[in-house]
Amino acid sequence: MPGVYISYPFCAQKCTYCNFASGVFPRELEPSYVDELRAELLKTEWPWTPETVYLGGGTPSQMDPTALASVLASVPGKPWREATIEAAPGGLTREKLLAWSEAGVNRVSLGVQSFVQKELARTGRKHTAEIVEREVALLRGCGIASISIDLIAGLPGQTPASWKESLDWIERLGTPHVSVYMLEVDEDSRLGLEILNNGSRYGASDVPVEDAIADYYETAVERLTAMGMERYEISNFARRGFESIHNLKYWKREPYLGFGADAHSFCGEMRWQNPENVADYVAGFASPERTPADAVGEKFYLGLRLSEGIADDTAPFAEVIGQFTSEGLVERHEGRIRLTPRGVLLSNEVFAEFVGGVAPSVR
Ligand code: SF4
């Protein structure tokens, strides 16, 4: 069953590590953006009824709750099996959460990134560990038990001790889903660009070395597994039954429709993307060009992200898979092919062999 992605790119600040098409835009753009979102949703001829909705961004949690309700009211299928909103810690109130529940939201993903004040301050995030603790309790008190927390391994100044502190907080809070991302260094974030230019702003010269980041990731795998979570995708860990139904669609190549600036869509055969620029999106736009999906390559580089891997049918990559197997990056297990723990750490190199067509956006 397909899903719906809704993008809300507005943020209170631009975090140094962030490479999404999000940012601080004039506040007066927000109502026009919501109008355009609603219009885009209402003119859609739904070929199916969505079972999941994902409000990402950006910071959709800063959306006016009435506007959010009107946007969700334009999506058929309520109550959805899963309806997630990404939230920046620090802005949750009981009223807001009750309004979200009423609108159909039943899962919240908190962009915590770190529980260590020094690390947060350097990235531009304003919350504290105590605020996150309070908001997790608030969510549970409002009946939202499906909570995810994002962490980033590789933030400036991170040490084995500070990483342990963040993981200790995860254990204390006991949320049933955690995402652990390794810092992405590219020119789309201020921190990434600074690292590439050998600069020192934003703590760029204090970013842990690659091996240390890999160690942090492996420590997270051990700790989260000991907490009763399973790694079901490279960056995603969940207690059984709390895996993200929506995000699994991306890796399993199930259809989804994206709405809002920079949103991607996939109908099962073709992919397309809305204008990235918020002002262009608000100004109205012609139907985006559709590009045939690279079905074979995607099966490998999306499916291999999953711990369960893919069915053992290597054509037309038999030679490449054979090579990765002999290098210990890929293994066969119960009729399937999957990455080995070493393959997970070198997954970007593995996936590069399979990328052919338009790479879909997967977070
Ligand atoms: S990390 Fe999240 S809150 Fe920060 S700028 Fe990016 S989208 Fe906005």
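Residues numbered from 1 in each chain as written. Predicted model: local features only at pLDDT ≥ 70, side-chain atom pairs only at ≥ 80, totals over all residues.

A. Seen up close, the nonpolar core. In terms of nonpolar packing, the biggest core is built from 97 residues, with Val4, Ile6, Val53, Ala153 and Val178 touching the most fellow members. When residues of this core are assigned to domains, at least three map to each of domain 1 (3–250) and domain 2 (294–363). For Ala153, the contacting residues outside a window of four places in its chain are Trp163, Val180, Met182, Leu183, Ile213, Tyr216, Tyr217 and Ala220. (Core = buried A, V, L, I, M, F, W, Y, C linked by C-beta atoms within 7 Å. Buried ≥ 20, exposed ≤ 12 C-beta atoms within 10 Å, placed from the backbone. Domains from an automatic or database assignment. Contact = placed C-beta atoms within 7 Å.)

B. Structural detail: the domain arrangement of the chain. Here the domain parsing of the chain yields domain 1 (3–250) and domain 2 (294–363). Summarising the inter-unit geometry, the C-alpha centres of domain 1 and domain 2 are found 26 Å apart. Of the residues belonging to the side of domain 1 that touches domain 2, the class tally is four nonpolar, no polar and two charged. (Nonpolar A, V, L, I, M, F, W, Y, C, P; charged D, E, K, R; others polar.)

C. Local environment of unusual backbone geometry. Across the junction of Gly57 and Gly58, the peptide omega takes the value 10 degrees, indicating a cis bond. Checked against the element boundaries, Gly58 lands in the loop between strand E2 (52–57) and helix H2 (65–72). Residue Pro316 follows Ala315 across a cis peptide bond; omega there is 0 degrees. Turning to its location among the elements, Pro316 is positioned in the loop between strand E13 (310–311) and helix H12 (318–326). Backbone geometry places Arg253, a non-glycine residue, at a positive phi of 60 degrees. Within the secondary structure, Arg253 sits in the loop between helix H9 (245–251) and strand E9 (256–259). When the 16 C-beta atoms within 10 Å are taken as the criterion, Arg253 is described as partly exposed. One non-glycine residue, Asp262, adopts positive backbone phi at about 70 degrees. Tracing the chain through its elements places Asp262 in the loop between E9 and strand E10 (264–266). (Helix = DSSP H or I, 4+ residues; strand = E, 2+ residues; numbered from the N terminus.)

D. Representation of the sheet that holds strand E15 (residues 336–339) in the model. Spatially, three strands are ordered E13-E15-E14 in an open sheet, and the strand pairing comes out antiparallel. A strand with exactly one partner marks an edge of an open sheet, and here the two such strands are E13 and strand E14 (330–333). Examined bridge by bridge, E14 and E15 share four bridges and lie antiparallel to one another. Along E15, the bridge assignment pairs His333 with Arg336. (Pairing = 2+ DSSP bridges.)

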